Amino acid sequence: MDHGQVGQEGGIALDAVRNISHIATLPEVTVKIIELVEDPGSSARDLHAMISTDPALTARMLKVVNSAFYGLPRQIASINRAVSLLGLNAVKNIAVAASLAKLFRGGDIGPDFNAHELWLHSCVTASTARIIAQGNRRNAVDEAFLAGLVHDVGILVELQHDRARFAEAIALAAAGRDLRECEREVLGEDHEAFGSALCEHWKFPSSLVWVAGHHHDPASVPQANRDLPMIVHVADRIAAEIAGGFSLDLQDGGISPEALDHLGIDQVTLEGIRAEASIAARDGGELLAAA
């Protein structure tokens with residue numbers, strides 16, 4: 001990854017990431033699972049061997065698999081059985097979601113922000129991004145899911161870095177101002193800059209760094225890297241429409257027509273995506289609680 005090209009942000013975001021211990025160190029098993037997601041040659045045996053080293057993660061995954069979200073006819077007791085019923089890619093996504101979920105706990109700041117609402121929004125964005133990527137056929141659906149899951153992770157950095165100033169930025173935005181403008185004013189950078197810095201620190205693929213850093217302005221990304229930020233930009237706004245969750249950063253308008261044009265999504269296709277995403281999100285409450 002060309003860190004100089006992708007990471008345009010200044011020192012404030014990088015310093016914040018270095019100084020927070022709660023999320024700066026991603027669990028080793030999560031890093032390995034993400035590498036598996038990126039590797040098309042990975043097998044169910046590889047995934048099972050990796051997950052079995054973390055009994056707590058295995059338990060959380062089985063709770064998700066047995067939730068109403070998947071509606072399986074009987075209880076599943078093993079990761080191997082889950083793979084045979086849901087497919088390797090679905091189970092890899094569950095593994096990433098279950099391992100990231102605990103980062104979104106314990107952040108309640110008054111009536112306008114709590115971390116669970118952000119997790120709800122991130123999960124619905126992930127499933128919507130996956131739907132868009134399936135229709136788009138130019139992008140890997142696993143990568144799109146993961147991109148949706150981590151797109152707003154910079155908000156967690158802000159929360160951990162300076163809770164009082166983050167609360168101030170949230171209060172200003174709740175009064176009707178643009179959240180990113182408030183973040184830059186109060187914290188020195190916005191959540192895109194913090195998210196991009198964290199994804200680089202985690203050594204995520206550059207495609208995810210672009211998403212974390214540019215999901216609000218995907219047209220600013222170089223053409224060759226633009227597909228995934230465009231997908232998440234659209235998914236981000238659809239998720240807020242259909243499922244609520246945290247969306248204080250989306251007061252700056254609707255879906256960019258440029259993003260729809262880039263992805264070849266017309267109004268009929270867009271309504272189809274909304275309908276499919278609504279169905280996917282309907283039982284998502286249990287999925288989120290399980291993770």
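The rules we used
Residues numbered from 1 in each chain as written. Predicted model: local features only at pLDDT ≥ 70, side-chain atom pairs only at ≥ 80, totals over all residues. Heavy atoms only, no water. Core = buried A, V, L, I, M, F, W, Y, C linked by side-chain atoms within 4.5 Å. Buried < 20%, exposed > 50% of the residue type's maximum accessible area, 1.4 Å probe, protein only. Contact = heavy atoms within 4.5 Å. Salt bridge = Lys/Arg side-chain N within 4 Å of Asp/Glu carboxyl O. Helix = DSSP H or I, 4+ residues; strand = E, 2+ residues; numbered from the N terminus. Phe/Tyr/Trp six-rings, centres within 6.5 Å; stacked < 30°, edge-to-face > 60°. Axes fitted to C-alpha atoms, helices over the stretch in contact; angles between N-to-C directions. Parallel < 35°, antiparallel > 145°, perpendicular 65-115°, else oblique. Left-handed = near helix turned anticlockwise from the far one by under 90°. Nonpolar A, V, L, I, M, F, W, Y, C, P; charged D, E, K, R; others polar. pLDDT = per-residue confidence, 0-100. Polar contact = N/O pair within 3.5 Å; in protein donor to acceptor, adjacent residues only side chain to side chain.

Draft legend 1. Fine view of the nonpolar core. One finds I33, M61, F113, L149 and V234 to be the most contacted residues of the largest nonpolar core, which totals 92 residues. If we skip the residues at most four places from it in the chain, V234 touches I132, I255, A259, L260, L263 and L270.

Draft legend 2. How the structure looks around the pattern of salt bridges. Enumeration according to the criterion identifies nine salt bridges in this entry. With its nearest N and O atoms 3.3 Å apart, the salt bridge here joins D15 to R18. You can see D15 and its partner R18 sitting in helix α2 (residues 11–19), three residues apart, about one turn around the helix. Using a relative accessible area of 39% as the deciding quantity, one classes D15 as partly exposed. Its salt-bridge partner being R237, residue D236 comes within 3.8 Å of it at the nearest N-O pair. The residues D236 and R237 share a single accessibility class, namely buried.

Draft legend 3. Focus on the packing of aromatic side chains. Applying the stated criterion across every chain, the model contains four aromatic pairs. An angle of 90° between the planes, with centres 5.1 Å apart, marks the rings of F113 and F166 as edge-to-face. With F113 in strand β2 (residues 113–114) and F166 in helix α12 (residues 163–174), this pair connects stretches of sequence that are 53 residues apart. Taking the relative accessible area as the measure of exposure, F113 reaches 2% and is therefore buried. Put simply, the rings of F113, F166 and F246 pair up and form one aromatic cluster.

Draft legend 4. Here's a closer look at the environment of A193. With respect to the helices and strands, the residue A193 is situated in helix α14 (residues 191–201). Considering only alpha carbons, one finds A193 and E271, 78 residues apart in sequence, at a separation of 32 Å.

Draft legend 5. Spotlight on the packing of helix α8 (residues 88–100) against helix α10 (residues 141–150). Running from amino to carboxyl end, α8 crosses α10 at an angle of 15°, the nearest separation of the two axes being 10 Å. Between α8 and α10, the angle is such that the two are roughly parallel. As for the relative orientation of α8 and α10, their crossing is right-handed in sense. Each of N89, N93, V96, A97 and L100 in α8 lies in contact with α10, whose residues at this interface are D142, F145, L146, L149 and V150. Per-class residue counts for the contact of α8 with α10 are seven nonpolar, two polar and one charged.

Draft legend 6. Structural detail: the side chain of H262. Mapped onto the elements of the fold, H262 is located in helix α17 (residues 257–263). Discounting residues that sit within four places of it in the chain, H262 has contacts with R138, Q223, R226, D227 and M230.

Draft legend 7. Spatial organisation of the confidence of the model for the chain. With 92% of its residues at a pLDDT of at least 70, the chain reaches an overall mean of 87. Here helix α1 (residues 3–6) stands out as the least confident element of the chain, with mean pLDDT 40; helix α13 (residues 179–187) is the most confident, with 97. Confidence over residues 1–9 falls short of pLDDT 50; this stretch has 19 contacts with residues more than four positions distant or in other chains.

Draft legend 8. Broad picture of the environment of S220. With respect to the element layout, S220 can be found in the loop between α15 (206–214) and α16 (227–243). What makes S220 partly exposed here is its relative accessible area of 43%. Here the side chain of S220 touches D217 through a polar contact of 2.7 Å, landing on its backbone oxygen.

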